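Here is what each chain is made of, one letter per residue.
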Amino acid sequence: MPELPEVESLTAFLGEHLAGRTLERLWPVAVSVLKTYDPPLTALEGRVVTDVRRHGKFLDVTASEVSADGEIGADDLHLVVHLARAGWLRWQDGLPDTPPRPGKGPLALRVRLAGPSGAGFDLTEAGTQKRLAVHCVRDPQDVPGIARLGPDPLDPGFTREAFGRLLAGEQRQLKGVLRDQSVLAGVGNAYSDEVLHAARMSPFKIAAKASDAEVDVLYAALGEVLRSAVERARGVAAGSLKAEKKSGLRVHGRTGQPCPVCGDTVREVSYRDSSLQYCPTCQTGGKPLADRRMSRLLK
């Protein structure tokens, strides 16, 4: 799943390629992709892209009406996209003139820009679980997933004190708290593993039981891991972002491989639809975690 660093990179990429361009046509190919109907998706056609932003893991393309004399109107619309677990964005310098045909392929939405080359992008989604979501809204806060977002961990106003207040009273495990979008915006399964490994903390530690010193370490690790990932992804072409993300991960997705810090074997805890990876030596005092839901440290 694309997380904060990858979506940040896609935001910058689209900002460079869409700014000042007119949205000519939008084709929803998969029935499941469009989550709103008012305003209709066609209301975006003929509008000019004036901004591209990120809200957690959401992409937000602002499209404005422009008068004949070049004046930008105040009634913006927003094309909001959440790529979910298996979605991706594929840029093309020249899209076909003919509308795409609905079928069993991965194509979910096509956006074509005005101009002789017909540049634009496709939103695709692999697999059978169709969770990729596209919204056309007047205000990004009209998207429920954005309205419930917690603070962005890379926001300059997100202080160590603010982070400590989020953890205080949380009786859930750190892994679940870090992944909860209503607590922190943009951190998912992969980077929560990476942050906990960098902080040398167990994913099963209860958040409220973290000491002040541990909160200090976790806050520093959160910022460092995310900022480093954003920097690595900066300027990387959209098609290469997945490989770039994987190459920078130390424990997530590396079950059975040696930990790059201590050399111990990276282990895994599997759940019904996800898994976490960790290093026993770095994070759990050398003790393996029981591989079942709601595990505790084996005694």
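Residues numbered from 1 in each chain as written. Predicted model: local features only at pLDDT ≥ 70, side-chain atom pairs only at ≥ 80, totals over all residues. Heavy atoms only, no water.

In the nomenclature of an unreviewed UniProt entry, the protein corresponds to DNA-formamidopyrimidine glycosylase family protein from the organism Streptantibioticus silvisoli. Per its UniProt entry, the protein bears the Catalytic activity (unreviewed entry) comment "Hydrolysis of DNA containing ring-opened 7-methylguanine residues, releasing 2,6-diamino-4-hydroxy-5-(N-methyl)formamidopyrimidine." (UniProt positions renumbered as here; feature names shortened; annotations may be inferred.)

Caption draft 1: Quick look at the overall build of the protein. When helices and strands are counted, the protein shows eight helices and 10 strands. Taking 19 Å as the expected radius of gyration for a compact globule of 299 residues, we find that the protein reaches 21 Å, a close match to that expectation. Dimensions of the protein along its principal axes, counting C-alpha atoms only, are 70 × 40 × 30 Å. Here the protein holds 299 residues, and 50% of them are scored as buried. Within the protein, contacts between residues at least 6 apart in sequence are counted, and of these 63% link residues at least 24 apart. Averaging the positions of the 40 positive and the 37 negative side-chain charges in the protein gives two centres separated by 10 Å. (Helix = DSSP H or I, 4+ residues; strand = E, 2+ residues; numbered from the N terminus. Rg over C-alpha atoms; globule rule 2.2 N^0.38 Å. Buried < 20%, exposed > 50% of the residue type's maximum accessible area, 1.4 Å probe, protein only. Contact = heavy atoms within 4.5 Å. Lys, Arg positive; Asp, Glu negative; His and termini not counted. Charge placed at Lys NZ, Arg CZ, Asp CG, Glu CD.)

Caption draft 2: Structural context of the packing of aromatic side chains. By the definition in use, this model includes four aromatic pairs. Seen from their ring centres, phenylalanine 158 and tyrosine 219 are 6.1 Å apart, and the 45° between their planes marks the pair as tilted. Taken together, the residues span a long stretch of sequence, with phenylalanine 158 in the loop between α2 (144-147) and α3 (160-167) and tyrosine 219 in helix α6 (residues 212-233) at a distance of 61 residues. We classify phenylalanine 158 as buried; its relative accessible area is 3%. For tyrosine 219, a relative accessible area of 26% gives the class partly exposed. Taking 6.0 Å as the distance between ring centres and 40° as the angle between the ring planes, the aromatic pair formed by phenylalanine 163 and tyrosine 219 counts as tilted. Linking phenylalanine 163 in helix α3 with tyrosine 219 in helix α6, this pair joins segments that are 56 residues apart in sequence. The class for phenylalanine 163 is buried, based on a relative accessible area of 1%. Through a chain of ring-to-ring contacts, three or more aromatic side chains come together here, namely Phe158, Phe163 and Tyr219. (Phe/Tyr/Trp six-rings, centres within 6.5 Å; stacked < 30°, edge-to-face > 60°.)

Caption draft 3: Region of interest: the UniProt feature "domain: FPG-type" (unreviewed entry) in the protein. Residues given the UniProt feature "domain: FPG-type" (unreviewed entry) here are residues 250-284. The distance separating the terminal C-alpha atoms of residues 250-284 is 16 Å; by composition the span is 11% helix and 23% strand.

Caption draft 4: Spotlight on the environment of glycine 118. Assignment of secondary structure puts glycine 118 in the loop between β6 (107-113) and β7 (120-125). Residue classification places glycine 118 among the buried positions, given a relative accessible area of 0%. When the C-alpha atoms of glycine 118 and alanine 190 are compared, they prove to be 36 Å apart, with 72 residues separating the residues in sequence. Setting aside residues up to four positions removed in sequence, glycine 118 forms contacts with Asp93, Gly94, Leu95, Arg112 and Leu113.

Caption draft 5: How the structure looks around the pairing of strand β9 (residues 267-270). The pairing of β9 with strand β10 (residues 275-278) spans four bridges and is classified as antiparallel. Counterpart to valine 269 in the pairing with β10 is leucine 276. Where β9 folds back on β10, the antiparallel hairpin that results is connected by four residues. (Pairing = 2+ DSSP bridges.)

Caption draft 6: Structural detail: the packing of helix α5 (residues 189-199) against α6. Running from N to C, α5 and α6 point in directions that differ by 130°, and their axes come no closer than 8 Å. Considering their axes alone, α5 and α6 lie oblique with respect to each other. Both α5 and α6 take part in a crossing whose hand is right-handed. Taken together, the residues of α6 that come into contact with α5 (itself represented by Tyr191, Glu194, Val195, Leu196, Ala198 and Ala199) are Val217, Leu218, Ala221, Leu222, Val225, Leu226 and Ala229. (Axes fitted to C-alpha atoms, helices over the stretch in contact; angles between N-to-C directions. Parallel < 35°, antiparallel > 145°, perpendicular 65-115°, else oblique. Left-handed = near helix turned anticlockwise from the far one by under 90°.)

Caption draft 7: A positive patch on the surface, seen in detail. Positive charge collects at one region of the surface, where Arg85, Arg131, Arg179 and Arg272 lie side by side. Tracing the backbone shows arginine 85 in the loop between β4 (77-82) and β5 (87-92). (Patch = residues over 30% accessible without salt bridge, like charges linked within 9 Å, V, L, I, M, F, W, Y side chains within 5 Å. Areas by Shrake-Rupley, 256 points an atom, 1.4 Å probe, with all protein chains shown as cover. Salt bridge = Lys/Arg side-chain N within 4 Å of Asp/Glu carboxyl O.)

Caption draft 8: Here's a closer look at the environment of valine 251. Note that valine 251 resides in the loop between α7 (241-248) and β9. Relative accessible area serves as the criterion here: at 0%, valine 251 is assigned to the buried category. Separated by 26 residues in sequence, valine 251 and glutamine 277 place their C-alpha atoms 5.8 Å apart. Other than its neighbours up to four places away in sequence, valine 251 contacts Asp193, Glu194, His197, Val266 and Gln277.

Caption draft 9: Region of interest: empty space enclosed by the protein. Scanning all chains against the criterion turns up two cavities of 30 Å³ or more. In this model, the largest cavity occupies a volume close to 40 Å³. Among the secondary structure elements, those contributing two or more residues to the lining of the largest cavity are α1 (4-18), α6 and α7. If you add up the space inside the second largest cavity, you get close to 30 Å³. For the second largest cavity, the full set of lining residues is Leu14, Leu59, Val61, Leu79, Val81, Leu89, Phe121 and Leu123. When its residues are assigned to classes, the lining of the second largest cavity shows eight nonpolar, no polar and no charged. (1 Å grid on protein atoms, 1.4 Å probe; cavity = no way out; pocket = protein on both sides within 12 Å on 5 of 7 lines; lining within 4 Å. Points joined across faces, edges and corners; volume = space filled by probe spheres on them. Nonpolar A, V, L, I, M, F, W, Y, C, P; charged D, E, K, R; others polar.)

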